[in-house]
Amino acid sequence: MRAQGCGLPALLLLLALAPLPGPAALSELRVRVRLPDGQVTEESLQADSGADCIGLELRNGDGTLITLTADFRREVKIFHALILGELERGQSQFQALCFITRLHHNEIIPSESMAKLRQKNPRTVRQAEEVRGLEQLSMDVAVNFSKGAQLSPHIYNVCSEAKEAIYTREEDVKFWLEKGVDGSMFEVLPQSADLPDLQRCKLCLDRWKPCICTYSLSIAWYPCMLKYCKSRDASGKISSYKCGIRSCQKGYTFDYYVPQKQLCLWDEET
């Protein structure tokens, strides 16, 4: 059973900001969005202003389930991919991956603002107003699942199906170590400089040899910025207030070590 909150792969989306009662708000919404390939899918957004986190979930046309969890309190961003396996090629029913990176300021709207979002027309198909550049990331460090809660409590829920496939970057590890995170949860993975014969998986002919796998995903629609409107009072004084959101689309490509190509069959020459 998954815990409630942003560690649950489910989310919300809203186009107008509305006040919610109470000091902390947990809200959820479903929005129809257009994927980069033109297909339409349902995206779920969740915001928990008390835990200061948000979550986003969408299913691609090939059945892959993508979730993004942003933990503002710990400055951690967690991508989770649940990929349908190819049973006829000896794979399990599904394969789960988790990629963890540092969450930077202003990447996405705050949890408090996300919790106040409301959608005016649920039937509208949303398309991102801004396409942000592709980010290519070398995930050269493995994260120990049993110790991951020290980095973010959401790792336990989000990455429970990917216990042996949780990756991050050495440069992000350095940032977290400076903030006091226990370094024993991290293990540097083999790289091409360590193993001269290590190839990219798409070039490797032997399914049982280690290689560098590449996995790409796209967040088709997410609230990346707040919009501000201006008003004038009776005395003529102008003030600004939050009046909506700007939506973005962003793609990510992750490179990481796998002990055998069998774990990376999507990354092949076509």
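On a predicted model such as this, the values are computed, not experimentally measured, just so you know. (Residues numbered from 1 in each chain as written. Predicted model: local features only at pLDDT ≥ 70, side-chain atom pairs only at ≥ 80, totals over all residues. Heavy atoms only, no water.)

K.L.:
Any chance you could explain helix α3 (residues 170-178) here in plain terms?
P.N.:
Given 3.6 residues per turn, any residue in an α-helix points the same way as the ones three and four places further on. Of the positions making up α3, those classed as buried are D172, V173, F175 and W176. Buried residues in α3, looked at end-on, bunch into an arc of 160°, giving them a common side. Relative to its buried face, α3 has exposed residues pointing more than 90 degrees away, namely E171, K174 and E178. Packed against the buried residues of α3 are β6 (76-84), β7 (94-102), β11 (141-143), β12 (166-168) and β13 (186-188). Backbone geometry just downstream of α3 places G180 in the positive-phi region, at approximately 100°. (Buried < 20%, exposed > 50% of the residue type's maximum accessible area, 1.4 Å probe, protein only. Helix = DSSP H or I, 4+ residues; strand = E, 2+ residues; numbered from the N terminus. Arc of directions from axis to C-beta. Contact = heavy atoms within 4.5 Å.)

K.L.:
Help me understand the sheet that holds strand β14 (residues 199-200) in this model?
P.N.:
Strand-to-strand pairing in sheets goes through backbone hydrogen bonds, with the strands running parallel or antiparallel. Strand order in the open sheet formed by 4 strands is β10-β16-β15-β14, and the pairing between neighbours is mixed. Looking at the sheet topology across the chains shown, the edges are occupied by β10 (130-139) and β14. Inspection of the sheet shows β14 paired to strand β15 (residues 211-232) by 2 bridges, in the parallel sense. Paired with R200 across the strands is I212, a residue of β15. (Pairing = 2+ DSSP bridges.)

K.L.:
Help me out: how do you make sense of the sheet that holds strand β3 (residues 40-48) in this one?
P.N.:
Ordered in space as β9-β2-β3-β4-β5-β6-β7-β12-β11-β13, the 10 strands form an open sheet in which the pairing is mixed. Edge strands, defined here as strands with exactly one partner in the open sheet, are β9 (125-126) and β13. In the sheet, β7 pairs with β12 via 2 bridges, with the strands oriented parallel. Bridging from a neighbouring strand, C98 pairs with I166 of β12. Helix-sheet contacts for α3 involve β6, β7, β11, β12 and β13, and the interaxial angle to β7 is about 55°. (Axes fitted to C-alpha atoms, helices over the stretch in contact; angles between N-to-C directions.)

K.L.:
Please clarify how the pattern of salt bridges should be interpreted in this entry.
P.N.:
Once their charged atoms are close, side chains differing in charge can pair, the charge on each being opposite to the other. Summed over the entire model, instances satisfying the criterion amount to 12 salt bridges. Between R246 and E130 there is a salt bridge, with its nearest N and O atoms 3.1 Å apart. One end of the pair, R246, is in strand β16 (residues 238-258); the other, E130, is in strand β10, and 116 residues separate them in sequence. A salt bridge links R200 to D255; its shortest N-O distance comes to 3.3 Å. Residue R200 is found in strand β14, and its partner D255 is found in strand β16; the two are separated by 55 residues along the sequence. Via salt bridges that share partners, E129, E130, R132, K227 and R246 belong to a single interconnected network. (Salt bridge = Lys/Arg side-chain N within 4 Å of Asp/Glu carboxyl O.)

K.L.:
Explanation requested: the layout of surface pockets in the structure shown.
P.N.:
In this approach, a probe sized like a water molecule rolls over the atoms, and the result shows the empty space that is left. Estimates place the volume of the largest pocket at around 410 Å³. Breaking the lining of the largest pocket down by element, the ones donating at least two residues are β7, β11, β12 and β16. When grouped by side-chain class, the residues that make up the lining of the largest pocket number 15 nonpolar, 2 polar and 4 charged. The volume enclosed by the second largest pocket comes to roughly 240 Å³. (1 Å grid on protein atoms, 1.4 Å probe; cavity = no way out; pocket = protein on both sides within 12 Å on 5 of 7 lines; lining within 4 Å. Points joined across faces, edges and corners; volume = space filled by probe spheres on them. Nonpolar A, V, L, I, M, F, W, Y, C, P; charged D, E, K, R; others polar.)

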